[in-house]
Amino acid sequence: MSDRRPGATAPPLPVWPLTAMFALVPLWWALGAFYLGWSVFGVVLLALLVTRGRVALPPGSAAWLVFLTLVLLSATRLDRVTAYLTFGLRFGFLATALVVCVYVHTLVRDGTRWDRVLRPLGWYWLGVVALGWLAVLMPTFALTTPVEMALPHSISGERFIQALTHVRANEFNPQSRTPIYRTAAPYPYTNNWGTAYALLVPCVLAYLTSVRTGRFRVALWVSLPLSVVPAFLTLNRGMFLGLGAGLLYLGLRALVRGNARLIVSIGGLVVLVWVVSLVVPVQEMIDARVSSTDTNVDRMDLYVRTWQAVERSPLLGYGAPKSVDTTLAEEPLGTQGLIWQILYSHGIPALVVFLGWLVLVARRLAAAVSPAGHWLSTVPVIALVVIPVYAYIDPNLSVIFFAVGAGLAAVGGPVNRASTGPSTMAQPVPLAPWRTRGVGRATVPAPPLPPPAPQPATGVAAVPLRMPEPPAPPSAPAPPPATVPAPGAAPVVPPATVPAPRSAPAAPPATVPAPNAAPVVPAPRSATAPPPSITPPSTAAETPTGVPAPRAATAPPPSAAPPATTAAEVTSALPAPRAATAPPPAPATPAQSAGTAVPAPRAATTPPPAPAPTVPAAAEAARPPASEPDRPVADAPRQGGAA
């Protein structure tokens, strides 16, 4: 989406476009541009996203793009030129909602303070409540807006455009002698106001439970009880149904998880509504409205006629709602509920994708565990409940996507953290490293393994055969052997008695060991024996003569003594193979022959292949590949980790 070079830091997105879009709703309403100018802000947000560069789309974006594609295909079913205007307006609401979701999602991911992100939605709430009280105090208020006067009469005369540009504070029947004034501003219909109220209450509570300081928080607290009066005057049964379903959903989750604080908050909200209902006779007003109108009969007739039309065009619908003369209701087919509007205008596949998106985001937001996340998770649930009776392809759809975008970005971060102030909610949560062997995530090496436990020796056969020695520099002779051997170590063989490797002829087994075999060193009986688990005792006949007793040396602690004689220790006691000059074989003296009284096993003229040294299982994985030459036994054990 941008030609910015890789590695460059993306510029942060500003919050002011959201503030101008949502906070200045009373101004846009008074100008008559609340509906007609809403998509203009979507274009501004999209331009800022394109300028920033590549952004991460929130979950569910693919499903919504499929839905937009189906909506565009349904435009081929339009049969009037003026229908393209209303179709473009509704499609602008659908596209703007997705742009708002991506913009808010990116703001939260970039680390913008949580209170700054949600504040435009709080201002939107305050504007709706303020205009609601305007409807309470001035029931007949109406205004001819500048946009209405600027539009041509052929456009402004359309019923739908007239309702959007000529604003009223209430919806009522002007021909009735006793009209019922129902709150509507800034929307053209009272059902839209009730839908907005049901969707905005959880967003306000999400702000109040996550931000602990500030005058804006105080204003929201004061507005909550004040908002109940204009909300009751809407007489919207769907609004009460949606809020009740959201509270029930949240209460059941709190009950399952044992969240007593959330249960108390829900109970307090219910008590507040009950107290206000004692002052405002809501039930009596609803009963009077239902008894004086045939709203239920009209709705049912409209729904039946709509479904009969959908059966004739189930895949793409008719592009937009349409007025007919065959219904008892005055409203066009495809109205009085978003389900019927999508079915009639865009077809059954579009409705399935739309419902699938709502279910997807509801399941995603259910992973939130903080109070703010709990309240935001009720927004798609409320949208699902009110969809049969209320339509919200208008600015209310952007409210839903605003809350969903914030919740989806913060469900693993700021929403799921305890709130201590306005700035802590924007700090990202440190992620635990993933230990995988595949691709897609960085591989974290395993911690180093502890040194392997020494293997116990068992008699003469426990002495490993010497492996091929690495070449040593000709000018670096090996250090002279120690005078006093350590307990448990092999006795030092004088250089004169050891023939040069691979150069002297094979000697009888009783006097000279084979070139490729390590000299057999019996374990001394008289030395200070290590623990039985390390070196088992040997027989007295194997004690060499002429070798000083190991007791004369200052023995280290038993834990520091090596468990058994290895080929590396024998190699360190011998001079370098290339630097030693092989003397002629000399007869063995009694003192020398006593130390080699026991020949090495299989030490014949042609020695057998050297067996593999005993290597612990933990170090077996660290051995070099088979193509490399064998290494000495002392180099075999290595620390664990990725090769």
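Residues numbered from 1 in each chain as written. Predicted model: local features only at pLDDT ≥ 70, side-chain atom pairs only at ≥ 80, totals over all residues. Heavy atoms only, no water.

### With respect to the overall build of the protein
- Looking only at helices and strands, the protein features 23 helices and four strands.
- Counting the 643 residues in the protein, one finds 41% classified as buried. (Helix = DSSP H or I, 4+ residues; strand = E, 2+ residues; numbered from the N terminus. Buried < 20%, exposed > 50% of the residue type's maximum accessible area, 1.4 Å probe, protein only.)

### Examining helix α13 (residues 260–279)
- End to end, α13 covers 30 Å across 20 residues, agreeing with the expected 28 Å (1.5 Å per residue, within 8%).
- Those residues of α13 that are buried are in contact with α10 (190–210), α11 (215–233), α12 (237–257) and α18 (371–376). (Expected span 1.5 Å × (residues − 1). Contact = heavy atoms within 4.5 Å.)

### Side note on the confidence of the model for the protein
- Averaged over all residues, the pLDDT of the protein is 72; the fraction at 70 or higher stands at 59%.
- Note that pLDDT drops below 50 for residues 481–501; the model gives that stretch 24 contacts with residues more than four away or on any other chain.
- Note that pLDDT drops below 50 for residues 503–606; the model gives that stretch 102 contacts with residues more than four away or on any other chain. (pLDDT = per-residue confidence, 0-100.)

### Things to note about the packing of helix α4 (residues 61–74) against helix α17 (residues 348–365)
- Where α4 meets α17, the closest approach of the two axes is 9 Å, and the angle between their N-to-C directions is 160°. Compared by their axis directions, α4 and α17 come out roughly antiparallel. In the packing of α4 onto α17, the handedness of the crossing is left-handed. Along its contact with α4, which presents Ala 63, Trp 64, Val 66, Phe 67 and Leu 70, the element α17 presents Pro 349, Ala 350, Val 353, Phe 354 and Trp 357. (Axes fitted to C-alpha atoms, helices over the stretch in contact; angles between N-to-C directions. Parallel < 35°, antiparallel > 145°, perpendicular 65-115°, else oblique. Left-handed = near helix turned anticlockwise from the far one by under 90°.)

### Here we look at the nonpolar core
- In terms of nonpolar packing, the biggest core is built from 124 residues, with Phe 22, Trp 64, Tyr 124, Trp 125 and Tyr 392 touching the most fellow members.
- Here this core takes 15 residues from helix α5 (residues 81–109), the largest share from any one element. (Core = buried A, V, L, I, M, F, W, Y, C linked by side-chain atoms within 4.5 Å.)

### Overview of the side chain of Arg 52
- Looking at where Arg 52 falls in the secondary structure, it is placed in helix α3 (residues 38–52).
- Engagement of the side chain of Arg 52 in a polar contact is seen with the backbone oxygen of Arg 54, the distance being 3.3 Å. (Polar contact = N/O pair within 3.5 Å; in protein donor to acceptor, adjacent residues only side chain to side chain.)

### Some remarks on the packing of aromatic side chains
- Counting across every chain of the model gives 24 aromatic pairs.
- An angle of 15° between the planes, with centres 6.3 Å apart, marks the rings of Phe 87 and Phe 91 as stacked. Of this pair, Phe 87 and Phe 91 both sit in helix α5, separated by four residues, roughly a single helical turn.
- Taking the relative accessible area as the measure of exposure, Phe 87 reaches 8% and is therefore buried.
- Aromatic pair Trp 123 and Phe 216: ring centres 5.1 Å apart, planes at 50°, arrangement tilted. In this pair, Trp 123 sits in helix α6 (residues 114–137) while Phe 216 sits in helix α11, placing the two residues 93 residues apart along the sequence.
- Residue classification places Trp 123 among the partly exposed positions, given a relative accessible area of 39%.
- Aromatic rings pair up to connect Phe 22, Phe 34, Tyr 35, Trp 38, Phe 93, Tyr 124, Tyr 187 and Phe 402 into one cluster.
- Sitting over the ring of Phe 160, Arg 90 keeps its end group 4.8 Å from the ring centre.
- A cation over an aromatic ring shows up here: Arg 119 above the ring of Phe 216, its NZ or CZ 5.3 Å from the ring centre. (Phe/Tyr/Trp six-rings, centres within 6.5 Å; stacked < 30°, edge-to-face > 60°. Lys NZ or Arg CZ within 6 Å of the ring centre and 35° of its normal.)

### A few points about the environment of Leu 333
- By the element assignment, Leu 333 lies in the loop between α15 (295–310) and α16 (338–346).
- A residue is classified by how much of its surface remains accessible, and Leu 333, at 6% relative accessible area, is buried.
- Each C-alpha atom, one on Leu 333 and one on Tyr 303, is 7.9 Å from the other, the two residues being 30 residues apart in sequence.

### Some points on the packing of α6 against α11
- Direction vectors running N to C along α6 and α11 enclose 40°, while the axes themselves pass 9 Å from each other. In terms of orientation, α6 lies oblique with respect to α11. Both α6 and α11 take part in a crossing whose hand is left-handed. Contact residues: α6 offers Arg 119, Gly 122, Trp 123, Trp 125, Leu 126, Val 129, Gly 132, Trp 133 and Val 136, while α11 offers Phe 216, Ala 219, Leu 220, Ser 223, Leu 224, Leu 226, Ser 227, Val 229, Pro 230 and Leu 233.

### Focus on a nonpolar patch on the surface
- On the surface, a cluster of nonpolar side chains totalling about 530 Å² of accessible area is made up of Val 271, Trp 274, Val 275, Leu 278 and Val 279.
- The topology assignment puts Leu 278 in helix α13. (Patch = residues over 30% accessible without salt bridge, like charges linked within 9 Å, V, L, I, M, F, W, Y side chains within 5 Å. Areas by Shrake-Rupley, 256 points an atom, 1.4 Å probe, with all protein chains shown as cover. Salt bridge = Lys/Arg side-chain N within 4 Å of Asp/Glu carboxyl O.)

### Observations concerning the pattern of salt bridges
- Overall, the coordinates contain six salt bridges when judged by the stated rule.
- In this structure, Asp 79 and Lys 322 form a salt bridge, with 3.3 Å as the shortest nitrogen-oxygen distance. Of this pair, Asp 79 sits in the loop between α4 and α5 while Lys 322 sits in the loop between α15 and α16, and the two are 243 residues apart along the sequence.
- A salt bridge links Asp 115 to Arg 119; the nearest nitrogen and oxygen atoms lie 3.6 Å apart. Taken together, the positions of Asp 115 and Arg 119, both in helix α6 and four residues apart, correspond to about one turn of that helix.
- Judged by relative accessible area, Asp 115 falls into the buried class, the value being 2%.
- With relative accessibility at 30%, the residue Arg 119 sits in the partly exposed group.
- Each of Asp 79, Arg 80 and Lys 322 takes part in salt bridges that share partners, so that together they form one network.

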